[in-house]
Amino acid sequence: MPRRPARAPARRPLPSVGLVLGGGGARGLAHIVVIEALEELGIRPAMVAGTSIGAIIGAAHAAGLSGKDLRRHALAAFRDRTEVMSRLFTARVGKLSDLFSQGLGNPLQVDGEMVLRHFLPRPLPETFETLAIPFRAIATDFYGLSRVEMATGPLSSAVAASMALPWLVRPVMREGLVLMDGGAVDPLPVRSVDPGLDLVIAVDVTGGVRQSGETRAPGPVEAMLGLSMIMQQALTEARLAAAPAHVRVLRPPVQDFRILDFFKAKAILAAAEPLRGQVMSLVDQTA
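Right, let's walk through the structure included here. (Residues numbered from 1 in each chain as written. Predicted model: local features only at pLDDT ≥ 70, side-chain atom pairs only at ≥ 80, totals over all residues. Heavy atoms only, no water.)

Things to note about the overall build of the protein chain
Let me state the cut-off plainly: Under the DSSP-based scheme used, a helix requires at least four consecutive residues in state H or I and a strand at least two consecutive residues in state E, with every element numbered from the N terminus. Exposure is judged per residue with a 1.4 Å probe applied to protein chains only, and the accessible area is read against the type maximum: over 50% gives exposed, under 20% gives buried, and values in between give partly exposed. The contact rule is simple, with two residues in contact once any of their heavy atoms fall within 4.5 Å. Using a 1.4 Å probe, the Shrake-Rupley method yields the accessible areas, and only the shown protein chains count as cover for residues.
Within the protein chain, the secondary structure is distributed over nine helices and eight strands. Relative to its 287 residues, the protein chain shows a buried fraction of 48%. A separation threshold of at least 6 residues defines the contact pool for the protein chain, and within that pool the share at least 24 residues apart is 77%. Total accessible area computed for the protein chain in this model is approximately 14,500 Å², and 59% of it derives from carbon and sulfur atoms.

Below you can see the structure in the form of structure tokens.
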């Protein structure tokens with residue numbers, strides 16, 4: 001009697017994965033490596049949540065851009081310093097007289113929605129509802145002193161609000177609120193994803209202790225942004241202490257990059273490469 005061919009072992013189903021992308025300026029380019037790793041495993045996140053740079057990359061991915069698309073564009077967009085400065089200049093909203101007036105304006109600020117149009121490879125969809133992946137963006141209600149989670153309505157203004165760092169990006173008026181950088185209230189929004197998912201991968205890029213041994217005094221803008229990251233790091237640790245067990249945090253070794261080091265995109269992506277293996281290990285443990 002002929003022997004029956006052995007059956008191939010059944011493939012384990014892939015876990016449902018939520019992706020949480022934190023704020024951290026240029027360090028957040030490390031998020032791209034995590035997206036690439038999930039794609040290599042054949043996983044599309046069931047939900048994405050993001051703050052600041054995490055909201056930018058998260059919205060772009062939820063709109064259909066792959067990790068490779070994002071990598072290619074990041075390397076191209078920050079190759080030419082002169083071109084970048086030209087784009088930022090055209091997005092500027094302030095004027096010199098704003099330095100001597102009251103209000104939210106100043107001559108250094110840029111319009112967040114214009115920045116998104118200038119620096120993303122293609123325009124974001126008009127609304128959250130048209131995204132390929134459910135997405136949440138986090139901002140801060142400046143006068144209400146509270147966290148705002150956006151999941152419906154206009155998308156571009158929500159992402160612009162989430163990235164509205166003081167003195168750099170103009171606050172966003174949305175639904176009667178003045179919204180600013182979400183990192184002030186929730187730098188790593190793990191509570192914004194469905195608790196019923198098998199695995200939540202949260203990528204914390206607030207940084208840590210620098211290994212460079214640098215001792216020079218920072219400039220005013222660098223000091224302001226650096227202190228903001230220190231506060232966000234403390235807030236993240238406090239929030240994660242109460243996170244459920246299926247939330248797993250990845251921290252790429254990008255602490256030696258400054259918040260505005262976008263011209264070091266290639267080096268940041270290279271430093272984040274260990275995330276690729278870490279993502280694969282987490283998925284394997286969960287499947």
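Focus on empty space enclosed by the protein
What counts, and what does not: Using a 1 Å grid laid over the protein atoms alone, points where a 1.4 Å probe fits but cannot get out form a cavity; open sets with protein on both sides within 12 Å along at least 5 of 7 lines form a pocket; any residue with an atom within 4 Å of a point counts as lining. Grid points are joined across faces, edges and corners, and a volume is the space filled by probe spheres set on the points. Polar here means any residue outside two lists: the nonpolar Ala, Val, Leu, Ile, Met, Phe, Trp, Tyr, Cys and Pro, and the charged Asp, Glu, Lys and Arg; Gly therefore counts as polar.
Summed over all chains, the structure comprises one cavity of 30 Å³ or more. Here the largest cavity defines a volume of roughly 70 Å³. Every residue along the wall of the largest cavity is listed here: Gly23, Gly24, Gly25, Ser52, Leu165, Asp181, Gly183, Leu225, Ser228, Met229, Gln232 and Ile259. In terms of residue count, helix α7 (residues 220–240) provides more of the lining of the largest cavity than any other element does, four residues in total. Considering only residue class, the lining of the largest cavity consists of four nonpolar, seven polar and one charged.

What to know about the nonpolar core
Applicable threshold: What is meant by a nonpolar core is a set of buried Ala, Val, Leu, Ile, Met, Phe, Trp, Tyr and Cys residues, joined one to another through side-chain atoms within 4.5 Å.
If you look at the biggest cluster of nonpolar residues, it comprises 68 residues, and the most contacted ones within it are Leu38, Phe135, Met150, Val159 and Ile201. Considering every element that reaches this core, the biggest residue donor is helix α2 (residues 53–62), with seven residues. Discounting residues that sit within four places of it in the chain, Leu38 has contacts with Val17, Leu19, Ile43, Pro45, Ile201, Val279 and Val283. Val20, Leu188, Val190 and Ala202 belong to the second-largest nonpolar core, a separate cluster that totals 10 residues.

Observations regarding the layout of surface pockets
Looking at the largest pocket, its volume works out to about 1,000 Å³. In this structure, the largest pocket is lined by 37 residues; those nearest its centre are Phe78, Leu88, Val115, Leu260 and Phe262. Secondary structure elements with two or more residues in the lining of the largest pocket: α2, α3 (67–77), α4 (81–90), α5 (112–119) and α7. Among the residues making up the lining of the largest pocket, the classes are represented as 33 nonpolar, three polar and one charged.

Describing helix α9 (residues 274–286)
Threshold: One less than the number of residues in a helix, times 1.5 Å, gives the span that helix is expected to have. By arc we mean the arc of the directions from the helix axis to the C-beta atoms, nothing more.
With 13 residues, α9 extends 19 Å between its outermost C-alpha atoms, agreeing within 8% with the 18 Å of an ideal straight helix rising 1.5 Å per residue. Leu275, Arg276, Val279, Leu282 and Val283 are the residues of α9 that are buried. On an axial view of α9, the arc spanned by its buried residues comes to 130°, and they lie on one face. The elements touched by buried residues of α9 are α1 (31–40), α3, β7 (199–203) and β8 (247–250).

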